[in-house]
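# A look at the structure
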Amino acid sequence: RGREQKRPSLDGGRARVEPSPNLWLIGCIKKWDQRKGFGFLIADGADDVFVHRNDLPPELQGITGNLQGAEFAFELEVADTGKLRAKQIRALLTPDFHAG
């Protein structure tokens, strides 16, 4: 028998939503570490979604300010660690809070 990989529940144990290229979430960066270049997104039903600077849209990868509060649409994937990670990230509201 093969081992089943446990996938995180996206909404606190209620109905389970699996990451999919057909499922896009909208969320904002709740925590950003500028020095390390990563942070965490929060979306309806998905807390602590990891995001790395290199996964941001090209126009935002070199930003030197705080990204906390910026809004993005993104797909989910489960990283090798079993934790949620954002991919295919698109800016909706940029850090200067202008529509993207």
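Scoring rules and cut-offs
- Residues numbered from 1 in each chain as written.
- Predicted model: local features only at pLDDT ≥ 70, side-chain atom pairs only at ≥ 80, totals over all residues.
- Heavy atoms only, no water.
- Helix = DSSP H or I, 4+ residues; strand = E, 2+ residues; numbered from the N terminus.
- Buried < 20%, exposed > 50% of the residue type's maximum accessible area, 1.4 Å probe, protein only.
- Contact = heavy atoms within 4.5 Å.
- Areas by Shrake-Rupley, 256 points an atom, 1.4 Å probe, with all protein chains shown as cover.
- Phe/Tyr/Trp six-rings, centres within 6.5 Å; stacked < 30°, edge-to-face > 60°.
- Core = buried A, V, L, I, M, F, W, Y, C linked by side-chain atoms within 4.5 Å.
- Salt bridge = Lys/Arg side-chain N within 4 Å of Asp/Glu carboxyl O.

### Regarding the overall build of the protein chain
Scanning the protein chain from terminus to terminus reveals 0 helices and 5 strands. Shown N-terminal to C-terminal, the secondary structure of the protein chain runs as helices and strands in the order β-β-β-β-β. When burial is assessed residue by residue, the protein chain has 33% of its 100 residues classed as buried. Residue pairs in contact within the protein chain that sit at least 24 positions apart in sequence constitute 49% of those at least 6 positions apart. Accessible surface, the protein chain as shown: approximately 6600 Å² in total, 47% of it carbon and sulfur.

### Section: the environment of Ile42
Within the secondary structure layout, Ile42 lies in strand 2 (residues 38-43). Note: C-alpha distance between Ile42 and Lys31 (11 residues apart in sequence) is 9.0 Å.

### So, unusual backbone geometry
Positive phi, normally seen in glycine, also occurs at Asp48, with a value near 55°. Structurally, the position occupied by Asp48 is in strand 3 (residues 46-52). Even without being a glycine, Gln88 presents a positive backbone phi close to 50°. Here Gln88 is to be found in strand 5 (residues 84-93).

### Details of the packing of aromatic side chains
Evaluated as defined, the whole model comprises 3 aromatic pairs. Taking the centre distance of 6.1 Å and the plane angle of 90° together, the rings of Phe38 and Phe40 count as edge-to-face. Classification of Phe38 by relative accessible area gives partly exposed; the value is 23%. Chaining the aromatic ring pairs together yields one cluster made of Phe38, Phe40 and Phe50.

### Section: the environment of Ala86
Tracing the sequence through the fold places Ala86 in strand 5. When the C-alpha atoms of Ala86 and Val49 are compared, they prove to be 6.2 Å apart, with 37 residues separating the residues in sequence. What Ala86 contacts, discounting residues up to four positions off in sequence, is Leu41, Val49, Phe50, Val51, Asp55, Phe74 and Glu75.

### Things to note about the nonpolar core
Within the largest apolar cluster, 20 residues are counted, with the highest numbers of intra-cluster contacts made by Leu41, Val49, Val51, Leu56, Phe72 and Phe74. Those elements giving two or more residues to this core turn out to be strand 1 (24-33), strand 2, strand 3, strand 4 (71-78) and strand 5.

### Things to note about the pattern of salt bridges
Side chains that differ in sign of charge can pair as their charged atoms come close. Here the structure, examined in full by the defined rule, presents 2 salt bridges. For the salt bridge of Lys30 with Asp48, the shortest nitrogen-to-oxygen distance reads 2.8 Å. You can see Lys30 sitting in strand 1 and its partner Asp48 sitting in strand 3, a full 18 residues away along the chain. Taking relative accessible area as the criterion, Lys30 reaches 33% and is therefore assigned partly exposed. For Arg85, the salt bridge goes to Asp55, with nearest N and O atoms at 2.6 Å. Taken together, the positions of Arg85 in strand 5 and Asp55 in the loop between strand 3 and strand 4 put the pair 30 residues apart, joining distant regions of the chain. You can call Arg85 partly exposed: its relative accessible area is 24%.

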